[in-house]
Amino acid sequence: MDWGRAKNVLIYAFLLLNLVLGYQLWMDARESAGSSLDFTSLGESTQRLMEEKGIEILAPIPSETPAMPKLTYRYVNGSKAAKPIQLEEPIDSKLIFSEQEMEAALQPYIPNIAEYKLDPLANPDVLDRFILHPLAEQKWPLFHVDLALYYSNQKITAYELSPIEMSTFEEEQQVLPASKALGTLVELFLPDEAVVQDIELGYYGEEFNSDSQVAAPAWRFVLESGQQYYVQGISGEVISPKSDKP
């Protein structure tokens with residue numbers, strides 16, 4: 001028997017088991033949180049409609065309504081298109097779950113890696129990469145601009161990135177409450193039996209054939225099915241990324 005190979009198989013099996021158990025613990029925590037969520041921020045009509053349509057909310061409904069400006073950004077290389085760049089030495093993919101270790105390991109390749117945030121819900125059907133988004137004002141993710149980390153055999157082997165430069169414009173405006181945005185979704189957009197598993201505030205905007213792009217504050221709602229909805233944080237318009245139409 002090749003004991004060296006058997007040892008490697010066991011190591012990978014334990015790593016996979018740890019990932020599965022970690023994911024299961026995360027899901028259990030979300031479900032238990034859902035059973036004790038406070039829906040008092042939702043109107044009575046919204047709560048009633050949720051019950052009629054069988055809609056479940058497993059994520060806490062954020063109460064924050066910060067003042068945020070719109071922002072502009074441009075791709076440094078003039079285009080969003082980018083090709084994967086191979087790492088000279090692959091790194092353990094488990095580091096993605098430890099922010100400090102990930103930043104230290106990828107710093108030689110991506111100097112501004114600390115300005116990006118992991119998004120485990122970005123592309124749930126894509127199994128060969130992790131997706132991170134750049135942070136505006138060191139806090140708010142720019143949802144549709146991606147840093148992709150490709151992995152294989154428990155190792156991150158390559159990355160794909162189109163660098164951007166961001167700047168803000170217009171005065172800050174207070175973002176509408178997540179409860180109001182959710183009410184609009186429940187009433188007009190969410191299908192029966194929909195399960196909302198995550199609610200997050202960030203930036204989103206359609207991209208055009210222009211040197212400079214515009215993004216506005218937006219609430220992102222992720223369903224258990226993987227479908228995502230964005231509600232513009234100032235105007236309240238609802239956008240489905242599959243159609244990019246309100």
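Residues numbered from 1 in each chain as written. Predicted model: local features only at pLDDT ≥ 70, side-chain atom pairs only at ≥ 80, totals over all residues. Heavy atoms only, no water.

A. Structural detail: the overall build of the protein. Scanning the protein from terminus to terminus reveals four helices and 13 strands. Residues counted as buried form 41% of the 246 residues belonging to the protein. As displayed, the protein has an accessible area near 14,300 Å², and 51% of this comes from carbon and sulfur atoms. (Helix = DSSP H or I, 4+ residues; strand = E, 2+ residues; numbered from the N terminus. Buried < 20%, exposed > 50% of the residue type's maximum accessible area, 1.4 Å probe, protein only. Areas by Shrake-Rupley, 256 points an atom, 1.4 Å probe, with all protein chains shown as cover.)

B. View of the packing of aromatic side chains. This structure, assessed with the given rule, holds five aromatic pairs. Plain terms: the ring middles of Tyr73 and Tyr75 are 6.0 Å apart, the flat faces sit at 80° to each other, and that makes the pair edge-to-face. Residues Tyr73 and Tyr75 agree in their burial class; the two are buried. Both rings, one in Phe97 and one in Phe130, keep their centres 6.2 Å apart while their planes meet at 85°; by these two values the pair is edge-to-face. On the criterion of sequence distance, the pair formed by Phe97 in the loop between β3 (85-92) and α3 (99-106) and Phe130 in strand β5 (residues 129-136) is long-range, its members being 33 residues apart. Taking relative accessible area as the criterion, Phe130 reaches 15% and is therefore assigned buried. Each member of the aromatic cluster is reached from another via a ring pair, and the members are Phe97, Phe130 and Tyr151. (Phe/Tyr/Trp six-rings, centres within 6.5 Å; stacked < 30°, edge-to-face > 60°.)

C. The arrangement of the side chain of Gln213 in detail. Following the sequence through the fold, Gln213 ends up in strand β11 (residues 213-223). Assessed through its relative accessible area of 4%, Gln213 is described here as buried. With residues near it in sequence (within four places) discarded, Gln213 still touches Leu71, Thr72, Tyr73, Glu206, Glu207 and Phe208. (Contact = heavy atoms within 4.5 Å.)

D. Structural context of the side chain of Ser93. Looking at the secondary structure, you find Ser93 in the loop between β3 and α3. With a relative accessible area of 6%, Ser93 lands in the buried category. Not counting the four nearest positions on each side in its chain, Ser93 is found in contact with Phe130, Tyr151, Gln154, Lys155 and Ile156.

E. Main features of the pairing of strand β10 (residues 195-204). Counting buried positions along β10 gives ten out of ten residues, so the element sits mostly inside the fold. Pairing between strand β1 (residues 56-57) and β10: two bridges, direction parallel. Bridge assignment links Ile57 to a residue of β10, and that residue is Val196. Sheet analysis places β10 next to β11, joined by eight bridges and oriented antiparallel. Bridging across to β11, Gly202 finds its partner in Ala218. (Pairing = 2+ DSSP bridges.)

F. Quick look at the nonpolar core. Core analysis: the largest hydrophobic core is formed by 35 residues, its most contacted members being Tyr73, Leu190, Ile199, Tyr203, Trp219 and Phe221. In terms of residues, this core owes the most to one element, helix α4 (residues 178-188), which gives five residues. Residues in contact with Phe221, not counting those within four places in the same chain, are Ala178, Ala181, Leu182, Leu185, Val196, Asp198, Ile199, Gln227, Gln228, Tyr229 and Val231. Within the second largest apolar cluster, 17 residues are counted, among which are Leu87, Ile113, Tyr159 and Leu161. (Core = buried A, V, L, I, M, F, W, Y, C linked by side-chain atoms within 4.5 Å.)

G. Inspection of unusual backbone geometry at higher detail. Although it is not a glycine, Gln138 adopts a positive phi angle of roughly 60°. Along the chain, Gln138 turns up in the loop between β5 and β6 (140-141). The residue Glu193 is not glycine, and still its phi comes out positive at about 65°. Following the sequence through the fold, Glu193 ends up in the loop between α4 and β10. The class of Glu193 is exposed, set by a relative accessible area of 58%.

H. How the structure looks around the pairing of β5. Among the eight residues in β5, seven count as buried, and that is most of the element. Taken together, the three bridges between strand β4 (residues 116-118) and β5 define a ladder with antiparallel strand orientation. Bridge pairing in β5 links Lys117 to His133. Inspection of the sheet shows β5 paired to strand β7 (residues 147-152) by four bridges, in the antiparallel sense. What sits directly across from Ile131, in β7, is Ala148. Both β5 and β6 contribute to a ladder of two bridges, which runs antiparallel. By the bridge assignment for β6, Ala136 is matched with Trp140.

These figures come from the coordinates and say nothing about function on their own.
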